[in-house]
Amino acid sequence: MANYYTPGTEEDRQWSVETLEDGRYQAVGPGGKSFIVDAFSPVAGRVHMLVDGKSWDMDAREIDGEIHVQWRGLTKNIKVLNDREKRMAVAGIGGSKAAGPELLSPMAGKVVAIKAQIGDEVKEGQVVLIIEAMKMENDLKAHRAGRIESVNVSAGEAVEVGTVLITIAE
Amino acid sequence: MANYYTPGTEEDRQWSVETLEDGRYQAVGPGGKSFIVDAFSPVAGRVHMLVDGKSWDMDAREIDGEIHVQWRGLTKNIKVLNDREKRMAVAGIGGSKAAGPELLSPMAGKVVAIKAQIGDEVKEGQVVLIIEAMKMENDLKAHRAGRIESVNVSAGEAVEVGTVLITIAE
Amino acid sequence: MFTKVLVANRGEIAVRIMRTLREMGIKSVAIYSEPDRESLLVRYADEAYCVGPAASAESYLRMDKIIAVAKESGAQAIHPGFGFLSERAPFSQACEDAGIVFIGPKPYAIEAMGNKTHARDLMLKAGVPLVPGSKSAIESADDALVVAKEMRFPVLIKAAAGGGGKGMRRVDRAEDFVAAFEGARREALSAFGNGDVYVEKYVLNPKHVEFQVLADSHGNCVHIFERDCSVQRRHQKITEEAPCSTLLPETRKRMGDVAIAAAQAVNYVGAGTIEFLLDENQDFYFLEMNTRLQVEHPITEMISGLDLVRLQLKIADGEKLPFTQDDLKARGHAIECRVYAEDPESNFMPSPGLLHYLSPPGGPWVREDTGVYSEATVSVHYDPMIAKLVVWGEDRDHAIGRMKRALSEYVISGIKTNVAFHLEMLDNEMLRAGTYSTDFVPALFAAREEVQPTEFDEIGELAAVIARHRQDEVVEKSGGSSTSTRASGPSNSWKNYGRFQQLRGLRLR
Amino acid sequence: MFTKVLVANRGEIAVRIMRTLREMGIKSVAIYSEPDRESLLVRYADEAYCVGPAASAESYLRMDKIIAVAKESGAQAIHPGFGFLSERAPFSQACEDAGIVFIGPKPYAIEAMGNKTHARDLMLKAGVPLVPGSKSAIESADDALVVAKEMRFPVLIKAAAGGGGKGMRRVDRAEDFVAAFEGARREALSAFGNGDVYVEKYVLNPKHVEFQVLADSHGNCVHIFERDCSVQRRHQKITEEAPCSTLLPETRKRMGDVAIAAAQAVNYVGAGTIEFLLDENQDFYFLEMNTRLQVEHPITEMISGLDLVRLQLKIADGEKLPFTQDDLKARGHAIECRVYAEDPESNFMPSPGLLHYLSPPGGPWVREDTGVYSEATVSVHYDPMIAKLVVWGEDRDHAIGRMKRALSEYVISGIKTNVAFHLEMLDNEMLRAGTYSTDFVPALFAAREEVQPTEFDEIGELAAVIARHRQDEVVEKSGGSSTSTRASGPSNSWKNYGRFQQLRGLRLR
């Protein structure tokens, strides 16, 4: 039997899974609810499950440390830790970060306008930058409230995904 | 540069391929004809080639030691040896077998009738056995002329792909 | 309307039915045999229950289990698809007895049409023209030979309980008759559990033309035009088209009327097909009625714009047909190619197995109905159909061009298929002219000329060599272990832009 | 007919055009930019030539290179698709000068319709109704503000050279006007190399209804009905349907006549689209004419049965239209959903990237036109459209149900898409009623209610845990190195039939 942990509202949700002799799985969720799962992978990154007669044909694909689940157009990204990873997270190794001061670019593109200056007080959600990508202008908003500590790019500059654009001190 | 060998009518056909600095390939075929090939693999088992401006979007997939090539409905299976394999083949290791005495079942199914007995002289192509697969009767023909040496199955027996059905001595 | 329907079938037709169910907001319940656990139909369904092992008699034909699944899962109706239980009167009856709607005709109609000799008698009374033949099953080969000699060769031996070419033999000479008769009996017994066969006159150069009929439970019946299913191998259809290009409008009218009369003779309800032989003089003979959906129903759907499965559901739910005969208009031309795992060069021998890669065609007016997927297996236990490929075009030539395009896009790797053979047929003059008969496939083989070498012969070999070279390079780089050929795929090949420097200069021939 | 045609475009439209070329037996020549080397269009073409780096100005807009490729490869004609060079009069002219057929209108027609202020004047003369607005481009924000105040807010700022929502801003209040005006100018300059904008009255709650026209070089012109393109986000269409469900037959007749008159006013040849605003009183105003194929042309194809690309080719080859207006009949209802790599929950921000897995929908009456494939990359350099998903149904409700089914089958992994948003829209009451206007998308967001938890929330988490568990098991078995998750796929899972022993007993709820 193995334990897994998914993020919960306050603390992680614990699951335990056991592979049965006939190849199926017995999973017990956070509320103690038990599932018998007959699963197979039609192709890498997909899992089909029969659970109590119901058929679930899903994508369940690990991308950048999260499992991306998809079913009939609905999506959900879930970070699943196993026991070892959970211990590491508790010990503070590889645990999830709190929102830092840095506003990172979510896209590759070109900075067309900067709407805030160093020292400005900004609200969370306030537009601080405009980036053009694929010929569309996209408003980038402050990810948290605070005071602009630094502006790391200038208008006309090309940025990549993850470029630090601005830092906001609380 | 590396050499490759494909089966020819009398002897193997030799190719040589060199990976150029820009990632393309220079291939020289048996007649000395030279090709510059800009190739990439869209997904495992497929290769797309630009050759002199022409676009070839193909399957080229190794299955059971042969490369199965497919393009717009046309197919072709080619055994390609590299230098090392060619030397082994010449030394008689892993070379191609001559047609043996054994007639193997090409399908899984059930023997419904045996049309030849031990000692019968049969012609190549003569029906010697009927196998039912997927509710259709399929005539199995002698793979070479000769005398039936043994009949290894009986009517009603289930057979698998590769089961020896009959042996024919020359 | 029903809220949950059980589909008592497998393969592409099960998926096709479930697609319509999902469109109508109806939950689908699949049943499956053990080897079908990983099939597309189980993946597609809302619910799925295993009903037994591979052998159909122990799974897809287990009426008791299937009805039990329907009741316990709360399905109000069962769609039988085609084959399996679709034409078994006792199953229609058992559903009725269990209070479950059978999406198909009443037991009486299935029974009446299911036994071919009985059906002949009924049709004769209804004034439907028939092919001359023995009126009932004959047990002795010698008796049958006498009948055959009387109506003169060629004759056709057919299974009384049959369908799909199983237990069917054409015999041209008296001396071949007895062996063929016995083979047909054996095949019929194995396929249908009933070895009865009968003998009929073989109509020379006929077309197989069939009419789609649709009848509601309020006494309304229409036909939705015809399908030409003359392209057959081993007495099974492989290419169908609608409309039939050689059928004259007045013959269409007459045949349509006869088709409706035939259906009404058994108080038919639901979708059914009346099969005819059409000879060169536009004379036609009733062959049989299939009291179910037909494999080739999509071409009728394409020219009529009607979803036949949806209409079956509405009829089963007691609705009236929402149109009259005059409302129905055919538009354009549709073709279906049945894509099989088989080897046309070895007498169409089945070649089931692992689909290493499957990439279906797409784009305008192309429809692929399939029950498999890339990296799935075409089961050795059942019919080796991979997919039905259907196209629609503004006219027949347009549709043929489109089908060739669609076939050229189809990639099926790892097993033998008839895709190249379909392409060959579509380029054949007889097919292009539309005048082919049911002897088309053997005639095509007989008239085959030596294949001319093509550019593919050279480039195909080059591709194999390049693929091998790229593979060896990966092995080399990874220090001898060949794990993934993907490593030399998209991501890495971008490191070197040199090739574009040269291409930018437009180095053309 | 031409034997070889160059397609001067990229993405799904290039592939869609090449499909028709292949159906007609015409060889296709692709051009591509460096980052498109691995795109589907290059794979699909018969020949492909690189014309430059990523920036359109250096590749897809290089008229000189493209014409050189056409000449050297022996293409007799060039199809420009939409966007890029499709509406550039100099390109049409350059083709003509080079002796290559431009598959589209003559330079005069492109020019006349391309400049919106000029087009307004022309249409005014032809008696086509127009939206009140500034007749020409305005340079100063202050002057524009005066005009805007005169016609009363809300107003719309639009790029003179534009299209596709670029350089377009709705302004509701005078105090927002100057900033919006400058943003529009900046965007127009970047997108079209021309920053001219003009101001017009914003018609409240309008529908965007456009008519497809088709004119041959012999003076014949027909319209092929309308499309309702009112579902827009950021001023770009995302869902289109045909016919428009609120358009009265008499209005359709009047708008169709006006559309033909508009096309004839510029001696139009080829396929084009006349865009109108339709208000709640069935009054309509000319917006612009797109002198090219439209992204949403497939829905017109589906209801008319006509392949518009094929007709473009026939017209370009000098053929007469093979039908008159009276011959054209619309059948059923078609819907297109544009599937984008974007995040509807973050103001539709583009999310290009690697498509880890792509599995398109299939089955009856579903068409997917795409320019990518599984494991390909949605390029950061161009429009982030993944595919156009098109369905046809017997009526509007039927088509909506079918589109929901098709969307439910669509699997696109690794990047954010608008598939879930399309599903949400199709369930929206305003959309179901058909009465939505161009404000539909913001109205939908405004009316959103709290999402109820679904079964997927629980089962999705279970799937993630099971997937992780299976992965860990593989790692364990292989001694710690995680190379392939396929090891626990189909082949191995068959070793244990125990699960069926239990299922055979029909363990249902």
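Owing to the predicted nature of the structure, the values given are computational and were not obtained by experimental measurement.

Asks: Pulling in residues and values, what's your account of the overall build of chain A?
Replies: Across its full length, chain A carries 1 helix and 17 strands. Seen through its C-alpha atoms, chain A measures out along the principal axes to roughly 65 × 40 × 20 Å. Per-residue burial for chain A yields a buried fraction of 47% across its 170 residues. Across chain A, the fraction of contacts at a sequence separation of at least 24, relative to all contacts at a separation of at least 6, is 36%.

Asks: Pulling in residues and values, what's your account of the pattern of salt bridges?
Replies: Under the defined criterion, the tally for this structure stands at 108 salt bridges over all chains. One salt bridge connects Asp-12 of chain A with Lys-86 of chain A, and the closest N-O pair in it is separated by 3.1 Å. On the criterion of sequence distance, the pair formed by Asp-12 of chain A in the loop between strand S1 (2-6) and strand S2 (13-19) and Lys-86 of chain A in helix H1 (residues 83-90) is long-range, its members being 74 residues apart. Across the pair Asp-257 of chain D and Lys-253 of chain D runs a salt bridge whose closest N-O atoms are separated by 2.8 Å. Taken as a pair, Asp-257 of chain D and Lys-253 of chain D lie in helix H9 (residues 249-265) at a separation of 4 residues, close to a single helical turn. Judged by relative accessible area, Asp-257 of chain D falls into the partly exposed class, the value being 40%.

Asks: Residue-level account of the interface of chain D and chain C, with values.
Replies: With 61 residues of chain D at the contact, the number on the chain C side is 61 residues. Across the chain D/chain C interface, buried area totals approximately 5,400 Å², and carbon plus sulfur atoms make up 51% of it. For the interface between chain D and chain C, the tally reads 10 salt bridges. Applying the counting criterion to the chain D and chain C interface returns 22 residue pairs in polar contact (both at pLDDT 80 or more). If you tally residues by element for the side of chain D that touches chain C, the top one is helix H12 (residues 396-409) of chain D, at 6 residues. For the side of chain D that touches chain C, the class distribution of residues is 23 nonpolar, 10 polar and 28 charged.

Asks: Explain the packing of H12 of chain D against helix H13 (residues 419-426) of chain D residue by residue, including any values.
Replies: Residue and element names in this part refer to chain D. Where H12 contacts H13, the axes come no closer than 10 Å and their chain directions differ by 160°. Between H12 and H13, the angle falls in the class roughly antiparallel. For the crossing formed where H12 meets H13, the hand is left-handed. Across the interface between the two elements, Ile-400, Met-403, Lys-404 and Leu-407 from H12 touch Val-419, His-422, Leu-423 and Leu-426 from H13.

Asks: An account of the sheet that holds strand S8 (residues 197-201) of chain C is needed here, citing residue identities and associated values.
Replies: Residue and element names in this part refer to chain C. Spatial strand order, S7-S6-S8: 3 strands in an open sheet with antiparallel pairing. Strands with a single pairing partner mark the edges of an open sheet, and in this sheet they are strand S7 (169-171) and S8. With strand direction ignored, the average angle separating the axes of adjacent strands in the sheet is 25°. Sheet topology places strand S6 (residues 155-159) next to S8; 5 bridges connect them, and they run antiparallel. Considered in S8, the bridge of Ile-157 is made with Val-199. The sheet contacts of helix H7 (residues 141-151) involve S6 and S8, and relative to S8 the element is tilted by about 10°. Sheet contacts for helix H8 (residues 177-192): S6, S7 and S8; angle to S6, the most-contacted strand, approximately 25°.

Asks: Could you give me a rundown of the relation of the copies chain D and chain C, with the residues and numbers involved?
Replies: Of the transformation placing chain D onto chain C, the axial shift is 0.0 Å and the rotation is 180°, giving an RMSD of 0.1 Å. Within this description, the copies of the chain are treated as partners about a two-fold rotation axis. Comparing interface residues between copies, 100% of those in chain D also sit at the interface in chain C, which points to an isologous, same-surface contact.

Asks: So what's going on with the packing of aromatic side chains? Residues and values would help.
Replies: Under the defined criterion, the tally for this structure stands at 30 aromatic pairs over all chains. Ring centres of Phe-153 of chain D and Phe-177 of chain D lie 6.2 Å apart, and the angle between their planes is 75°; on these two criteria the pair is classed as edge-to-face. Here Phe-153 of chain D is found in the loop between helix H7 (141-151) and strand S6 (155-159), whereas its partner Phe-177 of chain D is found in helix H8 (residues 174-192), with 24 residues between them in sequence. Given a relative accessible area of 0%, Phe-177 of chain D falls into the buried group. Ring-pair connections join several aromatic residues into one group, and the members of that group are Trp-56 and Trp-71 of chain A together with Phe-456 of chain D. Across from the ring centre of Phe-456 of chain C, 5.8 Å away, lies the NZ or CZ of Lys-76 of chain B, which sits over that ring. Positioned above the aromatic ring of Tyr-436 of chain D is the side chain of Lys-207 of chain D, whose terminal nitrogen or guanidinium carbon lies 3.7 Å from the ring centre.

Asks: For the side chain of Arg-72 of chain A, give the residues involved together with the corresponding values.
Replies: Position of Arg-72 of chain A among the secondary structure elements: in the loop between strand S7 (66-71) and strand S8 (74-78). Here the side chain of Arg-72 of chain A touches Asp-46 of chain C through a polar contact of 2.9 Å, side chain to side chain. With near-sequence residues (within four places) excluded, Arg-72 of chain A lies in contact with Arg-22, Tyr-44, Ala-45 and Asp-46 of chain C together with Ser-408 and Leu-423 of chain D.

Asks: If you had to explain the interface of chain D and chain A to someone new, which residues and values would you point to?
Replies: Between chain D and chain A, the contact holds 60 residues from the first and 61 residues from the second. Regarding the contact of chain D and chain A, the summed buried area is about 5,500 Å², with carbon and sulfur atoms giving 58% of it. Applying the counting rule to chain D against chain A returns 5 salt bridges. The partner of Glu-455 of chain D in a salt bridge is Lys-54 of chain A, and the shortest N-O contact between them spans 3.1 Å. At the surface where chain D touches chain A, the tally comes to 17 residue pairs in polar contact (both at pLDDT 80 or more). Contributing elements (two or more residues each) for the side of chain D that touches chain A: H8, strand S16 (349-350), strand S22 (411-413), H13, helix H16 (455-477) and helix H18 (498-503) of chain D. With 19 residues, H16 of chain D is the single largest residue contributor to the side of chain D that touches chain A.

Asks: Requested: an account of the pairing of strand S17 (residues 164-169) of chain A, with residues and values cited.
Replies: Residues and elements named next belong to chain A. The buried count for S17 comes to 5 of 6 residues, which makes it a mostly enclosed element. As judged from the 3 bridges shared by strand S10 (residues 102-104) and S17, these two strands associate in the antiparallel manner. Bridged to Leu-103 within S17 is Ile-166. The pairing of strand S15 (residues 146-151) with S17 spans 4 bridges and is antiparallel. Bridged to Ile-148 within S17 is Ile-168.

Asks: An account of the sheet that holds strand S13 (residues 127-133) of chain A is requested, with residue identities and associated values reported.
Replies: Reading across the sheet, the 4 strands line up as S14-S13-S11-S16 (chain A) and stay open at both edges, with antiparallel pairing between neighbours. Looking at which strands have only one partner, the edges of the open sheet turn out to be strand S14 (136-141) and strand S16 (158-159) of chain A.

Cut-offs used in this document
- Residues numbered from 1 in each chain as written.
- Chains lettered and ligands numbered in written order.
- Predicted model: local features only at pLDDT ≥ 70, side-chain atom pairs only at ≥ 80, totals over all residues.
- Heavy atoms only, no water.
- Helix = DSSP H or I, 4+ residues; strand = E, 2+ residues; numbered from the N terminus.
- Buried < 20%, exposed > 50% of the residue type's maximum accessible area, 1.4 Å probe, protein only.
- Contact = heavy atoms within 4.5 Å.
- Salt bridge = Lys/Arg side-chain N within 4 Å of Asp/Glu carboxyl O.
- Buried area = accessible area lost by both parts, 1.4 Å probe.
- Polar contact = N/O pair within 3.5 Å; in protein donor to acceptor, adjacent residues only side chain to side chain.
- Nonpolar A, V, L, I, M, F, W, Y, C, P; charged D, E, K, R; others polar.
- Axes fitted to C-alpha atoms, helices over the stretch in contact; angles between N-to-C directions.
- Parallel < 35°, antiparallel > 145°, perpendicular 65-115°, else oblique.
- Left-handed = near helix turned anticlockwise from the far one by under 90°.
- Pairing = 2+ DSSP bridges.
- Least-squares fit on C-alpha atoms with pLDDT ≥ 70 in both.
- Phe/Tyr/Trp six-rings, centres within 6.5 Å; stacked < 30°, edge-to-face > 60°.
- Lys NZ or Arg CZ within 6 Å of the ring centre and 35° of its normal.

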